Amino acid sequence: MFNVPSVPHQEKNKSIAVLTSGGDAPGMNAAIRSVVRYGLAHGCNMFGVSKGYSGLLEGEIQPLSASSVANIIQRGGTILKTDRCEAFFKKSVRREAVNILKRKEIDGLVVIGGDGSFTGAHLMENENKFPTIGIPGTIDNDIFGTEDTIGFDTAVNTALGAIDRIRDTASSHDRIFLIEVMGRNSGFIALNVGVGGGAETVIVPEEKQSIESICRTIDRGVKRGKTSSIIVVAEGPTEGLSHRIMKDLEKKGHNSKVCILGHTQRGGSPTAHDRLLASVLGASAVAHLLGGHSNAMVGVKADEVVLVPFKKIIGKKKALPSSLIEFAGILAT
Ligand code: ADP
């Protein structure tokens, strides 16, 4: 499936630290395990930083052994804990973080997180020449430069399970259900869940849809004898979108119910796909660091591991494949 780059030569006494930052995602633990065990297998000393950049600034750095990461591959969340750290936006604070790492004689930092966490790592390396490498971990799959992110597959499957259950009650009561999934700025979860769950309509932040067009889809279904409908809604940037759509539908004569899946999508045991992805990306991150590559993210392109410089991905918007949007529309008719 994926290729792990080879380590050019057996490194001795390199010290590598790993942290998780930003929103948690199922599979982060599998990535931590892989980073630690791959590093140990290649002669490195491995360290875990607790609570992302906040923990780093507090010097919360502990050595990790092979057994410290035992029995975690199947667990959601992150054993290292994660955090958002306002202070890290300051150059002087990033300098202090590097000093803390250097005092612990750490040679490189693996950051598991999203675009924001990578921005912090990128600035830290540019300003202080300290090697950093990123592993994409976010349920949203919204990181530019990689086709997949750790946690996305699990979140989609969790949401699908919920939709299947809601469909049972929707069809028993002849109801329209608006199911809100995560995705403030990106509709990857909604679109994948919509296609996989056979939703009648998928609403994503990338494409405006009028209430009239949603009603037309519902009415078309009713004409064909459908008595219930599932509408998948990505939460979007402002809270309460599903309830606003529910009210608009009501004005057009359609009663509906709202179900917000919320944080249930973040938790749970990672799928086989996410465990494998996390394992391969974790090992690849270490291999690249040991090969002298940094200031970059390990990602996936056409089933291969790729190394993409941070400067080429940070702040860029990953586009939803328009073919999938169109496809969802065709299958919903
Ligand atoms: P994610 O990594 O999932 O995108 P956030 O955007 O919340 O999550 O970022 C996580 C953390 O990364 C922030 O709390 C902050 O510590 C750091 N970070 C984000 N953006 C920047 C930035 N522009 N400069 C420095 N650090 C940043």
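Residues numbered from 1 in each chain as written. Predicted model: local features only at pLDDT ≥ 70, side-chain atom pairs only at ≥ 80, totals over all residues. Heavy atoms only, no water.

Taken together, 16 residues lie around the ligand, and R84, C85, G114, G116 and S117 are the ones closest in. With respect to the ligand, the side chain of R84 contributes an N or O atom lying 2.6 Å from an oxygen atom. The contact in question runs from an oxygen atom of the ligand to an N or O atom on the backbone of G114, over 2.9 Å. Calculation on the ligand without its partners gives an accessible area of 550 Å², and the protein chains cover 79% of this total. Given that more than half its atoms are within 2 Å of the pocket grid, the ligand belongs to the largest pocket. At six residues, the largest contribution of residues to the shell around the ligand is made by helix α4 (residues 115–128). In terms of residue class, the shell around the ligand is built from five nonpolar, eight polar and three charged. (Near = heavy atom within 4 Å. Polar contact = N/O pair within 3.5 Å; in protein donor to acceptor, adjacent residues only side chain to side chain. Areas by Shrake-Rupley, 256 points an atom, 1.4 Å probe, with all protein chains shown as cover. 1 Å grid on protein atoms, 1.4 Å probe; cavity = no way out; pocket = protein on both sides within 12 Å on 5 of 7 lines; lining within 4 Å. Sits in = over half its atoms within 2 Å of the grid points. Helix = DSSP H or I, 4+ residues; strand = E, 2+ residues; numbered from the N terminus. Nonpolar A, V, L, I, M, F, W, Y, C, P; charged D, E, K, R; others polar.)

Interfaces are often described in size by the accessible area the parts lose on coming together. As assigned here, the chain comprises domain 1 (15–151 + 270–312) and domain 2 (155–266). The gap between the C-alpha centroids of domain 1 and domain 2 is 34 Å. Each partner contributes to the interface: domain 1 provides nine residues, whereas domain 2 provides nine residues. Of the roughly 770 Å² buried between domain 1 and domain 2 on both sides combined, carbon and sulfur atoms contribute 52%. Summed over the three residues of domain 1 that lose the most area to domain 2, namely D24, I139 and D140, the buried surface amounts to 55% of that side. Our count for the contact surface shared by domain 1 and domain 2 stands at one salt bridge. Where R266 meets D24, a salt bridge forms, and the shortest distance between an N and an O atom there is 4.0 Å. On inspection of domain 1 and its partner domain 2, the count reaches two residue pairs in polar contact (both at pLDDT 80 or more). By residue class, the composition of the side of domain 1 that touches domain 2 is two nonpolar, four polar and three charged. (Domains from an automatic or database assignment. Contact = heavy atoms within 4.5 Å. Buried area = accessible area lost by both parts, 1.4 Å probe. Salt bridge = Lys/Arg side-chain N within 4 Å of Asp/Glu carboxyl O.)

Once that is clear, we can look at the environment of A328. Note on placement: A328 falls in helix α11 (residues 322–332). A328 sits 132 residues away from G196 along the chain, and the two C-alpha atoms are 9.3 Å apart.

On to the nonpolar core, then. Membership of the largest hydrophobic core comes to 61 residues, with the highest contact counts inside it found for V110, I135 and I230. Here this core gathers at least three residues from each of two domains, domain 1 (15–151 + 270–312) and domain 2 (155–266). What I135 contacts, discounting residues up to four positions off in sequence, is V35, V110, V111, I112, G113, F118, I150, L281, G282, A285 and V298. (Core = buried A, V, L, I, M, F, W, Y, C linked by side-chain atoms within 4.5 Å. Buried < 20%, exposed > 50% of the residue type's maximum accessible area, 1.4 Å probe, protein only.)

Once that is clear, we can look at the packing of helix α6 (residues 188–196) against α11. Interaxial distance between α6 and α11 falls to 10 Å at its minimum, and their mutual angle equals 35 degrees. Between α6 and α11 lies a crossing whose hand is left-handed. Here L191, N192 and V195 of α6 come into contact with α11, specifically with L324, I325, F327 and A328. Residues of the contact of α6 with α11, tallied by class, amount to six nonpolar, one polar and no charged. (Axes fitted to C-alpha atoms, helices over the stretch in contact; angles between N-to-C directions. Left-handed = near helix turned anticlockwise from the far one by under 90°.)

Before going further, it helps to examine the pairing of strand β2 (residues 45–49). Within β2, four of the five residues are buried, leaving the element largely enclosed by the surrounding structure. Bridge count for strand β1 (residues 15–20) against β2 is four bridges, and the pairing is parallel. Paired with S15 across the bridge in β2 is N45. The parallel pair β1 and β2 is bridged by helix α1 (residues 28–41), and the resulting crossover is right-handed. (Pairing = 2+ DSSP bridges. Right-handed = clockwise from strand over helix to strand, strands pointing away.)

To continue, consider the sheet that holds strand β7 (residues 201–203). If you walk across this open sheet you meet the four strands as β7-β8-β6-β9, and the pairing is parallel. Each edge of the sheet is formed by a strand with only one pairing partner; in this case those strands are β7 and β9 (256–260). In this sheet, adjacent strand axes meet at a mean angle of 20 degrees when their direction is disregarded. For strand β6 (residues 176–181) and strand β8 (residues 229–234), the ladder comprises six bridges, and the chain directions are parallel. Bridge assignment links V181 to a residue of β8, and that residue is A234.

Another aspect to go through is the layout of surface pockets. Here the largest pocket is characterised by a volume of approximately 1,200 Å³. Considering the residues around the largest pocket, the lining is formed by 43 residues, among which G23, R84, G116, D140 and D142 are closest to the centre. Mapped by element, the contributors of at least two residues to the lining of the largest pocket are α4 and β6. The element contributing the most residues to the lining of the largest pocket is α4, with six residues. Looking at the lining of the largest pocket residue by residue, the class counts come to nine nonpolar, 19 polar and 15 charged. (Points joined across faces, edges and corners; volume = space filled by probe spheres on them.)

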